[in-house]
Amino acid sequence: MSGGNASGAETETDSTRNPRVASLVSALGRRSIVLIGLMGSGKTSTGRRLAQELGLEFVDADEEIEAAARLSITEIFARHGEDSFRDGERRVMARLLCEGPRVVASGGGAFMNEETRARIALSGISIWLKADQDVLWRRVRKRSHRPLLQGGDPEQTLRTLLEQRYPVYALADVTIVSRDGPHELAVEEIIAGIECFLRSSPGLSPLARPKSVTVPQQQQNAGPQPFSSHVQVSVELGARTYTILIGAGLIAEAGNHIRRLAPRAACAIVTDENVAKLHLPALERALDEAFVRHARVVVAPGEGSKSFAEYARVCNALIGAKLERGDVIVALGGGVIGDLAGFAAATVRRGMRFIQVPTTLLAEVDSSVGGKTGINSSHGKNLIGAFHQPSLVIADTDTLETLPPREFRAGYAEIVKYGLIGDAGFYAWLEANWRAVFAGGAARVHAIATSCKAKAAIVARDEYEEGERALLNLGHTFGHALERLTSYDGARLVHGEAVAIGMACAFRFSARHGLCGLQDQARVEAHLQEVGLPVCMAGIPGWNVGPEAILEAMYQDKKVEHGALAFILARAIGDCFIAKNVEASEILGFLQDELNSGH
Ligand SMILES: NC(=O)c1ccc[n+]([C@@H]2O[C@H](COP(=O)([O-])OP(=O)(O)OC[C@H]3O[C@@H](n4cnc5c(N)ncnc54)[C@H](O)[C@@H]3O)[C@@H](O)[C@H]2O)c1
């Protein structure tokens, strides 16, 4: 189990650490120090002392595996075999490495796994505690809890392990000879070794940046970027603060995350039919492996499921599955599932914990973050709902590989939105790098993380949309009206496309009123079109609606205050603002011109 801070005291802050330690911890960034070596090499005892010295958390990976399985390692070996243990070890290491900086004592076999070695290379520094055969044998021969030394000739087994593993351990970043003697000496040697390694490895800088990655302005148009493949973003809401995990392969770790969050809870997965076919088996497997009981509720795909009827059906199914108040609802799917399952979580048993596992780009960058949940009314979108924050967001970017290209593009519109409302540098980066974002990999993770970070910052400052959070509605007043007027028919228009048209309208409206330059308006239209998004109503199949009907649909939006419309308008790319009391006649004139000009 996580040992917390090794000293039992609060984590040291930079100001209370000695300057040498402070500078080393700062250079580590989010990298963890991972101790590797054979049984008896002193990983746990030295690791604890090292963590204490550095003021970092100490975690023993073997203890984590035992806690996850609720069995001792000997029992896991006996009941499930070594392969099952190794698989658990790989997953536990992946999770621990996502959450640095900390000191991790790994199991003797962990570093033998190629994937784990790659993860350590990415998110850690490996320290091999090397000991001779006779030193190890003296330390371990009387211990009965080492499954690999049970039966046969244990001394010979240890020798064989040493021969097999030492060539691989030799790949570690730093090697320290493990001698008998005070731990302080070993700790000092490790610190000196890490300092030396950091000095000789300037390429480690990306992880030295805090929390999530931001691109320095001068790098924006440079070639391939050294972005992280896994990023965590925190949504700071006091006691309700939660983490967004972003990266590939995260669904496989979902069970462990849920168990840590709610140790004895059962959960119910709410998903739609499309996602159930593609990604539910992996999630259910992850829950089984972490011994988390689970039920499932599957709804039809599409906006139509954000209805009273479906909401009632989901709530009854959750109650029917005997979910208790302390249990967890997991939303596996796009924004529709997140909104519907989140609203059920907000209301069933007067509020239950829920976890978002977004599977569309739109959901990964927007709807899974910030706690807005709800369903549609016959009068308009999202008119019935509640603020209810998730306890965790697991954005597994692998799920996007099965997303239809049209849905991916639609989600990209929300990424563009973050650049337009407040980050001109990010917008320029997208203009230059959108192909890399569409291709996948670290550029995509960077785009998702930057979006989540922007949303998390706004939500932290204005959770209930009393002020600046409304900026996130750029393009949405127009967009929601268009969705309503196309009867939420995804074949004609999906949400992200409606937002793209809405954002282009907001920039055209702003330029028409002299608020922003025509050049910015043109850049926005050009980029949206370049990636294949619509920028005008004429692009909607079968569009035949007059300006009055559009205006009326806009008045059904939540952004109406005292009968006046609030719009998000632009002074420039990266500089949007909330405009209250926009005259209906101005909107009507604008819509008339849009329709007349074929927009
Ligand atoms: N709560 C918020 O803050 C917020 C913010 C933005 C949007 N939204 C809401 O989000 C909804 C739109 O979300 P969306 O665009 O994700 O739509 P969606 O949930 O309908 O998903 C789009 C389609 O993709 C399918 N799908 C999902 N994941 C897939 C995958 N990995 N592979 C293949 N197919 C997959 C779905 O079955 C669906 O057919 C709207 O209702 C909108 O109002 C909410």
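Definitions and limits used
- Residues numbered from 1 in each chain as written.
- Predicted model: local features only at pLDDT ≥ 70, side-chain atom pairs only at ≥ 80, totals over all residues.
- Helix = DSSP H or I, 4+ residues; strand = E, 2+ residues; numbered from the N terminus.
- Buried ≥ 20, exposed ≤ 12 C-beta atoms within 10 Å, placed from the backbone.
- Core = buried A, V, L, I, M, F, W, Y, C linked by C-beta atoms within 7 Å.
- Contact = placed C-beta atoms within 7 Å.
- Axes fitted to C-alpha atoms, helices over the stretch in contact; angles between N-to-C directions.
- Left-handed = near helix turned anticlockwise from the far one by under 90°.
- Nonpolar A, V, L, I, M, F, W, Y, C, P; charged D, E, K, R; others polar.
- Arc of directions from axis to C-beta.
- Near = placed C-beta within 6 Å.
- Domains from an automatic or database assignment.
- Expected span 1.5 Å × (residues − 1).
- Bend = angle between axes of the 7 residues up to and from the residue.
- Pairing = 2+ DSSP bridges.
- Parallel < 35°, antiparallel > 145°, perpendicular 65-115°, else oblique.
- pLDDT = per-residue confidence, 0-100.

K.L.:
Quick one: what's the story with the overall build of the protein chain, residue by residue and with numbers?
P.N.:
Within the protein chain, the secondary structure is distributed over 23 helices and 18 strands. The burial tally for the protein chain puts 48% of its 599 residues in the buried class.

K.L.:
Which residues make up the nonpolar core, and what are the values?
P.N.:
Judged by nonpolar contacts, the single largest core of 169 residues is most densely connected at I127, V270, I329, V330, L340 and A344. For this core, the element with the most residues is helix α18 (residues 442-461), which contributes eleven residues. When sequence neighbours within four positions are dropped, the list of residues in contact with I329 reads C267, A268, V270, L318, A341, A344, A345, M352 and F354.

K.L.:
Run through the environment of F308, naming residues and quoting values.
P.N.:
With respect to the helices and strands, F308 occurs in helix α13 (residues 308-320). Counting along the chain gives 68 residues from F308 to N376, while the straight-line C-alpha distance between them is 7.8 Å.

K.L.:
So what's going on with the packing of helix α3 (residues 61-69) against helix α4 (residues 73-98)? Which residues, and what values?
P.N.:
It is the contact of α3 with α4, at a shortest axis distance of 9 Å, that shows an interaxial angle of 115°. As for the relative orientation of α3 and α4, their crossing is right-handed in sense. Residues A61, D62, E64, I65, E66, A68 and A69 of α3 form the contact with α4, whose participating residues are I73, I76, G88, E89, V92, M93 and L96. Here the contact of α3 with α4 is built from residues that sort into nine nonpolar, one polar and four charged.

K.L.:
I'd like a description of helix α5 (residues 114-123), backed by residues and values.
P.N.:
If you check which residues of α5 are buried, you get T116, R117, R119, I120 and S123. Projection of α5 onto a plane perpendicular to its axis shows the buried side chains occupying an angular sector of 160°, all on one side. The exposed set on the far side of α5, more than 90 degrees from its buried face, consists of E114, E115, A118 and A121.

K.L.:
Which residues make up the site of the ligand, and what values do they have?
P.N.:
Among the 32 residues in the neighbourhood of the ligand, the closest are listed as N274, G334, G335, T360 and S367. Contributions of two or more residues to the shell around the ligand are made by α11 (273-278), α14 (335-347), α15 (361-367), β14 (380-387), α16 (405-422) and α20 (495-512). In the shell around the ligand, the residues fall into ten nonpolar, 14 polar and eight charged. Counting the residues that make up the shell around the ligand, at least three belong to each of domain 2 (230-446) and domain 3 (474-596).

K.L.:
Residues and numbers for α4, please.
P.N.:
In this model α4 runs just 23 Å from its N-terminal to its C-terminal C-alpha over 26 residues, more than 12% under the 38 Å that 1.5 Å per residue would give. In α4, a bend of some 120° at H80 exceeds every other bend along the element.

K.L.:
Help me get a handle on the sheet that holds strand β8 (residues 242-247), residues and values and all.
P.N.:
Strand order in this open sheet of seven strands is β7-β8-β15-β12-β11-β9-β10, and the pairing throughout is mixed. Each edge of the open sheet is held by one strand with a lone partner, namely β7 (230-235) and β10 (294-299). In this sheet, neighbouring strand axes are inclined to one another by 15° on average, regardless of whether the strands run parallel or antiparallel. Judged from the six bridges that link them, β7 and β8 form a sheet pairing that is antiparallel. Pairing of V233 across the sheet is with I244, part of β8. Along the sheet face, α18 touches β7, β8 and β15 (392-396) and points at about 10° away from the line of β7.

K.L.:
Can you tell me about the packing of helix α19 (residues 476-485) against α20, naming the residues and giving the values?
P.N.:
Packing of α19 against α20 brings their axes to within 7 Å, and their N-to-C directions diverge by 135°. In this view, α19 runs oblique relative to α20, as classed from their interaxial angle. The handedness of the crossing between α19 and α20 is right-handed. Taken together, the residues of α20 that come into contact with α19 (itself represented by H476, T477, F478, G479, L482 and E483) are H495, A498, V499, I501, G502, C505 and A506. Classifying every residue of the contact of α19 with α20 by side-chain character gives seven nonpolar, five polar and one charged.

K.L.:
Describe the confidence of the model for the protein chain, listing the residues and the values that go with them.
P.N.:
Note: predicted coordinates in regions of low pLDDT should not be interpreted at a detailed level. Averaged over every residue, the pLDDT of the protein chain is 88; residues scoring 70 or more account for 90%. Throughout residues 1-12 the model reports pLDDT below 50, and contacts reaching past four residues in sequence, or to other chains, amount to 21 contacts.

K.L.:
Please set out the pairing of β14 residue by residue, giving values where relevant.
P.N.:
As paired strands, strand β13 (residues 372-377) and β14 are joined by five bridges and run antiparallel to one another. Looking across to β14, one finds that S377 is bridged to G380. Between β13 and the antiparallel strand that follows it, β14, lie two residues.

K.L.:
Would you mind going over the environment of A511 in detail, with residue names and values included?
P.N.:
As for its position among the elements, A511 is in helix α20. A511 has contacts with C516, G517, L518 and Q521, leaving out every residue within four places of it along the chain.

K.L.:
Describe in detail the pairing of β8, supporting the description with residues and values.
P.N.:
When you tally the buried positions in β8, you get five out of six residues, the bulk of the element. Between β7 and β8, which pair antiparallel one after the other, the connecting turn spans six residues, and G238 there sits at a positive phi close to 60°. Pairing between β8 and β15: five bridges, direction parallel. Of the residues in β15, the one forming a bridge with I246 is A395.

K.L.:
Requested: an account of unusual backbone geometry, with residues and values cited.
P.N.:
For the peptide bond that leads from G100 to P101, omega is 5°, which places it in the cis range. The backbone of R70 sits at a positive phi, close to 55°, despite the residue not being glycine. Examined against the element boundaries, R70 turns out to sit in the loop between α3 and α4. The class of R70 is exposed, set by 11 C-beta atoms lying within 10 Å. Even without being a glycine, R349 presents a positive backbone phi close to 50°. Its location among the elements puts R349 in the loop between α14 and β12 (353-358).

K.L.:
Can you explain the environment of H480? Please cite residues and give values.
P.N.:
Positionally, H480 belongs in helix α19. Take H480: there are 26 C-beta atoms within 10 Å of it, and that puts it in the buried class. Through-space distance from the C-alpha of H480 to that of K381 is 6.6 Å; in sequence the pair is 99 residues apart.

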